[in-house]
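If you want the building blocks of each chain, they are given just below.
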Amino acid sequence: MCLSAFVAKKEKMKLFDVYPLNDIVIKKAMGSYVWDDKGERYLDLYGGHAVISIGHTHPHYVKRIEDQLHQVGFYSNSIKIPLQVELAEKLGKISGKKDYQLFLCNSGAEANENALKLASFYNGRKKIIAFKKAFHGRTSLAVAATDNPNIVAPVNETDNIIFLPFNDEDALETAFKQNEISSVIVEGIQGVGGINIATNSFLKKIRSLCDEYNAVYIADSVQCGYGRSGKFYSHDLAEVDADIYSMAKGMGNGFPIGAISISPKIQPKHFMLGTTFGGNHLACAAALAVLEVIEKDDLINNAKKVGDYLTEELKKLPNIMEVRGRGLMIGIQLPEELNMVKKNLLFKHKIFTGEAKPNVIRLLPALNITKTEADIFLQAIKTELSPGLTPHV
Ligand SMILES: Cc1ncc(COP(=O)(O)O)c(C=O)c1O
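Residues numbered from 1 in each chain as written. Predicted model: local features only at pLDDT ≥ 70, side-chain atom pairs only at ≥ 80, totals over all residues. Heavy atoms only, no water.

## Focus on the site of the ligand
Under the convention used in this document: One heavy atom suffices: a residue is near a molecule or strand as soon as one of its heavy atoms comes within 4 Å of it. Nitrogen and oxygen atoms within 3.5 Å of one another constitute a polar contact, given that in protein one can donate a hydrogen and the other can accept it, and given that sequence-neighbouring residues count only through two side-chain atoms. Accessible areas in this description were obtained via Shrake-Rupley with a 1.4 Å probe; residue shielding takes into account the shown protein chains only. Secondary structure elements follow DSSP: runs of H or I of four or more residues count as helices, runs of E of two or more count as strands, with numbering from the N terminus. Each residue is assigned to one of three groups, with Ala, Val, Leu, Ile, Met, Phe, Trp, Tyr, Cys and Pro labelled nonpolar, Asp, Glu, Lys and Arg labelled charged, and all others, Gly among them, labelled polar.
Surrounding the ligand, one finds 13 residues, the nearest of these being Gly108, Ala109, Asp220, Gln223 and Lys249. In the environment of the ligand, an oxygen atom lies 2.8 Å from a nitrogen or oxygen atom belonging to the backbone of Gly108. Measuring from an oxygen atom of the ligand, one finds a side-chain N or O atom of Lys249 at 3.0 Å. When the ligand is considered free in solution it has 390 Å² of accessible area, and contact with the protein chains removes 82% of it. At three residues, the largest contribution of residues to the shell around the ligand is made by helix H5 (residues 108-123). Residue composition of the shell around the ligand, by class: three nonpolar, seven polar and three charged.

Okay, here's the thing in structure tokens:
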């Protein structure tokens with residue numbers, strides 16, 4: 001064997017380095033806490049990016065998945081899966097959209113991809129309205145509708161997307177007049193974009209223009225949905241019904257599952273949409289456990305109660321430029337000179353938070369976070385925001 005072949009054999013496969021990582025290994029998780037490999041405990045107000053909805057390793061959730069795994073873990077969508085029907089009924093009831101139809105998939109991007117495709121099947125049109133600072137995922141059409149050129153590959157580029165300023169009703173009206181619009185995709189509260197709230201009047205305008213022009217209103221509820229805002233879908237705050245709601249993240253509390261909830265005006269045809277893994281037995285068990293806990297423990301009201309408390313208390317603290325959000329989706333806009341606060345919260349106070357650029361701390365905790373846990377965070381951020389404090393990492 002030549003030397004180069006010998007060296008190549010000893011090499012190990014590496015991870016494709018696309019994520020800047022914090023030097024932390026999580027070994028255990030429970031409720032709103034996680035523990036690292038040294039036994040250090042952290043309060044989790046990030047929820048693994050808005051994913052942990054009912055708390056880490058919730059006993060009902062663990063049991064539901066474990067029991068299901070002993071029965072059947074997976075079979076394809078070529079057979080009847082009663083768990084899917086049960087999930088659809090439960091989701092319809094808790095979301096208040098009982099007459100909608102459920103299509104199950106695996107992620108937020110896939111949910112949006114299917115929503116945009118379905119809208120185009122429905123009205124035979126191509127043009128999509130998306131908004132500045134929107135994030136809809138990384139698959140082909142979802143990423144094209146995402147306002148971040150750095151993650152759009154040349155092959156994803158399309159002139160079918162029209163980007164408009166968020167909350168600009170006149171621009172919306174003009175775009176509808178000038179183009180054959182298939183769909184409008186909009187986050188009720190922009191997450192990655194920095195916690196920006198769509199106004200009620202803007203969402204109502206989207207609804208009325210979609211009705212007038214037979215276009216499809218797609219409510220991207222991947223991050224702002226599933227009870228996080230204090231309503232099941234944040235679009236409910238505006239008292240409008242969308243034609244399609246996309247969801248993922250909190251739906252499986254960490255088990256990969258996504259879905260679209262589709263209004264009765266859109267009729268299915270066989271083979272129009274499809275997936276191998278979507279709606280598999282384990283994913284349905286996980287999603288049912290989540291909804292059962294949300295319902296039993298009244299978590300949507302808890303999200304509103306603790307979220308309102310956090311927002312009110314944060315507004316009293318010094319040096320914050322703005323506190324934005326609804327329920328447990330909160331953005332804390334900080335001045336540039338306080339750009340070390342997030343790091344200090346993590347490494348000094350052992351509290352995970354999320355972020356958005358530029359300099360927004362994003363809170364996306366589990367919906368069953370307690371007031372006591374909220375107070376621990378408030379105390380920590382208070383010390384970080386106090387004038388004269390030196391950066392400490
Ligand atoms: C609003 C929104 N839509 C879609 C997505 C994409 O979801 P996923 O990462 O599950 O594909 C995200 C992810 O952050 C999101 O925040």
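## Looking at the environment of Ile195
For clarity, the threshold we go by: Burial here depends on accessible area, computed with a 1.4 Å probe over protein chains only, as a share of the maximum for the residue type. Under 20% is buried, over 50% is exposed, and the range in between is partly exposed. Between two residues, a contact is recorded if the distance between any of their heavy atoms is within 4.5 Å.
You can see Ile195 is positioned in the loop between strand S8 (189-190) and strand S9 (196-197). Residue Ile195 is classed as buried on the basis of its relative accessible area, which comes to 0%. Separated by 165 residues in sequence, Ile195 and Val360 have C-alpha atoms that sit 8.4 Å apart. Each residue touching Ile195, except ones within four places of it in the same chain, is listed here: Ile189, Gln190, Arg324, Gly325, Met329, Ile330, Gly331 and Arg362.

## Section: the nonpolar core
Operational definition: Definition used in this section: a nonpolar core is a set of buried Ala, Val, Leu, Ile, Met, Phe, Trp, Tyr and Cys residues joined via side-chain atoms within 4.5 Å.
Ranked by size, the top nonpolar core spans 86 residues in total, and within it Phe131, Ile206, Leu314, Ile332 and Phe377 carry the most contacts. Here this core takes 11 residues from helix H9 (residues 281-296), the largest share from any one element. Once residues lying within four places of it in the same chain are set aside, the contact partners of Phe131 are Asp147, Phe163, Leu164, Pro165, Phe166, Leu172, Val184, Ile185, Val186, Gln190, Phe202 and Ile206. Residues Leu116, Leu118, Ala144 and Ile260 belong to the second largest nonpolar core, which totals 21 residues.

## So, the packing of helix H3 (residues 59-71) against H9
Selection rule: Here an angle of 0 to 180 degrees is reported between the N-to-C directions of two axes, which are lines fitted to C-alpha atoms, with helices fitted over the stretch in contact. Oblique is the label for every angle not falling under 35 degrees (roughly parallel), over 145 degrees (roughly antiparallel), or within 65 to 115 degrees (roughly perpendicular). Crossings are sorted by hand: turned counterclockwise from the far helix by less than a right angle, the near helix makes the crossing left-handed, and turned clockwise it makes it right-handed.
The contact between H3 and H9 brings their axes to 9 Å, and the two run at 155 degrees. Here H9 runs roughly antiparallel to H3, going by the angle between their axes. Here H3 runs over H9; the crossing is right-handed. For the pair H3 and H9, the contacting residues are His60, Tyr61, Arg64, Ile65, Gln68 and Leu69 in the first and His281, Leu282, Ala285, Ala286, Leu288, Ala289, Val290, Glu292 and Val293 in the second.

## Notes on the sheet that holds strand S16 (residues 354-356)
The test is simple: Criterion used throughout: strands pair if DSSP finds at least two bridges between them.
Across the sheet, four strands lie side by side as S13-S14-S17-S16; this open sheet has antiparallel pairing. Edge strands, defined here as strands with exactly one partner in the open sheet, are strand S13 (322-326) and S16. Adjacent strand axes in the sheet meet at a mean angle of 25 degrees when their direction is disregarded. Sheet analysis places S16 next to strand S17 (residues 360-363), joined by three bridges and oriented antiparallel.

## A look at the sheet that holds strand S7 (residues 181-187)
With mixed pairing, seven strands are arranged side by side in an open sheet as S4-S12-S11-S10-S7-S5-S6. At either margin of the open sheet sits one strand with a lone partner, and together these are strand S4 (101-105) and strand S6 (161-164). Ignoring strand direction, the axes of neighbouring strands in this sheet form an average angle of 20 degrees. Examined bridge by bridge, strand S10 (residues 216-220) and strand S11 (residues 244-247) share three bridges and lie parallel to one another. Following the sheet pairing, Ile218 is matched in S11 by Ile244.

## Observations regarding unusual backbone geometry
For the peptide bond that leads from Lys357 to Pro358, omega is -10 degrees, which places it in the cis range. With a phi close to 75 degrees, Phe271 is a non-glycine residue in the positive phi region. Here Phe271 is to be found in the loop between strand S12 (258-262) and H9. Accessibility expressed as a relative area gives 82% for Phe271, which makes it exposed. A positive phi angle, near 60 degrees, is found at Lys350, a position not held by glycine. Turning to its location among the elements, Lys350 is positioned in the loop between helix H11 (341-347) and strand S15 (351-352). We classify Lys350 as partly exposed; its relative accessible area is 21%.

## So, helix H8 (residues 200-213)
How we decide: The span you would expect from a helix comes to 1.5 Å times its residue count less one.
Here H8 is 14 residues long and its end C-alpha atoms lie 20 Å apart, about the 20 Å a rise of 1.5 Å per residue gives. Every buried residue of H8 is accounted for by Phe202, Leu203, Ile206, Arg207, Leu209 and Cys210. The secondary structure elements touched by the buried residues of H8 are strand S5 (127-131), helix H7 (169-178), S7 and S10. The positive-phi residue at the C-terminal boundary of H8 is Asn214, with phi of around 55 degrees.

## Some points on H7
Helical geometry: 3.6 residues make up each α-helical turn, so side chains three or four residues apart lie on a common side. Which entries qualify depends on this criterion: Here the arc refers to the directions that run from the helix axis out to each C-beta atom.
By the burial criterion, the buried members of H7 are Ala171, Leu172, Ala175 and Phe176. Projection of H7 onto a plane perpendicular to its axis shows the buried side chains occupying an angular sector of 135 degrees, all on one side. In H7, the exposed positions that point more than 90 degrees away from the buried face belong to Asp170, Lys177 and Gln178. Tucked inside the fold, the buried residues of H7 contact S5, S6, S7 and H8. The opening residue of H7, the one whose side-chain oxygen lies 3.2 Å from the backbone nitrogen of Asp170, is Asp168.

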